[in-house]
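# Architecture at a glance
Chain by chain, the residues:
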Amino acid sequence: MADTLTSPHTVRVELGERSYDILIGSALLSKAGDHIAPLAKQPRAFVLTDGTVGGLYAGALEDSLRAAGLTLHLKAVSDGEGSKSWDTLGGVLDWLLAEGAGRDDVLVALGGGIVGDLTGLAAALMKRGMKFVQVPTTLLAQVDSSVGGKTAVNASQGKNLIGAFYQPQLVLADTSVLSTLPERERLAGYAEIVKYALIDDADFFHWLEQNGADVVALEPDALGHAVAVSCAAKARIVSQDERESGVRALLNLGHTFGHALEAANGFKPSLLHGEAVAAGMALALRYSVRQGLMDGQDAQRASQLLESAGLVTHLSRLPGGPYPADFLVDAMKQDKKARAGRVPLILARGLGRAFIKPDADLSDVRDFLQEELQQG
Ligand code: NAD
Ligand code: GLY
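As a starting point, this report considers the structure included with it. (Residues numbered from 1 in each chain as written. Chains lettered and ligands numbered in written order. Predicted model: local features only at pLDDT ≥ 70, side-chain atom pairs only at ≥ 80, totals over all residues. Heavy atoms only, no water.)

Right, let's get into the site of ligand 2. If you check the shell around ligand 2, you find Asp 144, Lys 150, Lys 234, Glu 244, Arg 248 and Leu 251 and nothing else. Side-chain polar atom of Asp 144 to a nitrogen atom of ligand 2: 3.1 Å apart, as the coordinates give it. One nitrogen or oxygen atom from the side chain of Lys 234 is found 2.6 Å from an oxygen atom belonging to ligand 2. When isolated, ligand 2 has an accessible area of 200 Å², and the protein chains bury 88% of it. Its residues assigned to classes, the shell around ligand 2 shows one nonpolar, no polar and five charged. (Near = heavy atom within 4 Å. Polar contact = N/O pair within 3.5 Å; in protein donor to acceptor, adjacent residues only side chain to side chain. Areas by Shrake-Rupley, 256 points an atom, 1.4 Å probe, with all protein chains shown as cover. Nonpolar A, V, L, I, M, F, W, Y, C, P; charged D, E, K, R; others polar.)

In this section: the layout of surface pockets. Approximately 170 Å³ is the volume found for the second largest pocket. Along its surface, the second largest pocket is lined by Arg 18, Gly 129, Met 130, Lys 131, Phe 165, Tyr 166, Gln 167, Pro 168, Gln 169, Glu 242 and Arg 243. Its residues assigned to classes, the lining of the second largest pocket comprises four nonpolar, three polar and four charged. (1 Å grid on protein atoms, 1.4 Å probe; cavity = no way out; pocket = protein on both sides within 12 Å on 5 of 7 lines; lining within 4 Å. Points joined across faces, edges and corners; volume = space filled by probe spheres on them.)

Here we come to the packing of helix α12 (residues 325-333) against helix α13 (residues 362-375). It is the contact of α12 with α13, at a shortest axis distance of 9 Å, that shows an interaxial angle of 145°. As α12 runs across α13, the sense of the crossing is right-handed. Mapping the contact onto sequence places Ala 325, Asp 326, Leu 328, Val 329, Met 332 and Lys 333 in α12 and Leu 362, Val 365, Arg 366, Leu 369, Gln 370 and Leu 373 in α13. Grouping the constituent residues of the contact of α12 with α13 by class yields eight nonpolar, one polar and three charged. (Axes fitted to C-alpha atoms, helices over the stretch in contact; angles between N-to-C directions. Helix = DSSP H or I, 4+ residues; strand = E, 2+ residues; numbered from the N terminus. Left-handed = near helix turned anticlockwise from the far one by under 90°. Contact = heavy atoms within 4.5 Å.)

Below you can see the structure in the form of structure tokens.
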């Protein structure tokens, strides 16, 4: 597990001259101006948000920026995945150009992963790169999407196909804003927290078995600790492999199955990304058991941890179904890294012992999924 993390927690993402801090704590939004002002060469900040988050938190951010001597220039996009589009990106860039934004200005993403991914790509493109700060407001964004520099919009051919690696200069994760997050979104973020435990941190897994309920209930100490350990895990992996040529692929635990489930459901909100990842991780571990790699009781413990929080780990009970095995395997074949019926899968040799299997046999995976469906 990560070393003792003080509260408010600071996690450093070590990337040479592109290194940055992730600050994690409650009521950070009220101090955001103090943290952003040193980055701004002009007394202003550009802020992109969505309708819901803007209505809830843009006022608090504006107060804090003003107290630090910065004016706020705000744009809100519509909620939802539809805003991760080429058209919306163009609108954001037009807005920044019309406002006279320059490379020395700061662009702040105030919102979940959708706003964060869109804002990051706009920051990367605007005059070949303006300063970028993430203020993630969903649990998923605080533990995953705001860290590591993946930015993107979607194309008609698929999700996240147009993007760039572009790191923020600062991440401010105010855990108190999670109190207004709908419960399903909270659980979807919790699935990503469990992911870090399953990848390489058995101690954190044991800690979650004892304290996961407090994390889900947003108990401040447990929540701050879980967000900090998760960010430290992601920072460690991103520092080793920023552009996903190797170890960063471990962060895709549960995502190959999960992405296939999302695709089978047409990426509709009836199955959130984190909900699909939760089921995908349980499937990856049960497939590891079937391959003789992992003890069945450990896979069961992982499913139990997810289920006890309220996440679904069995295909037959997953919202948005049914999920036929053939359809899921076809979706897996669309994976960008699939070659000749084989696809990389993240499997596990135990709790906290995930590894990359570069060439899973999809006909065997199909048999496994059929068995899963029959077991109900
Ligand atoms: P999201 O951004 O759509 O937010 C979920 C919903 O919650 C939205 O309706 C939003 O308005 C609302 N919301 C956000 N914060 C709130 C708050 N504090 N209180 C009340 N409502 C709030 O969803 P998400 O799950 O954060 O992000 C999903 C996106 O993240 C996807 O597009 C996915 O591709 C992307 N993603 C990117 C990475 C990456 O590394 N860049 C990693 C994982 C996911
Ligand atoms: N969410 C996976 C990654 O950042 O690599």
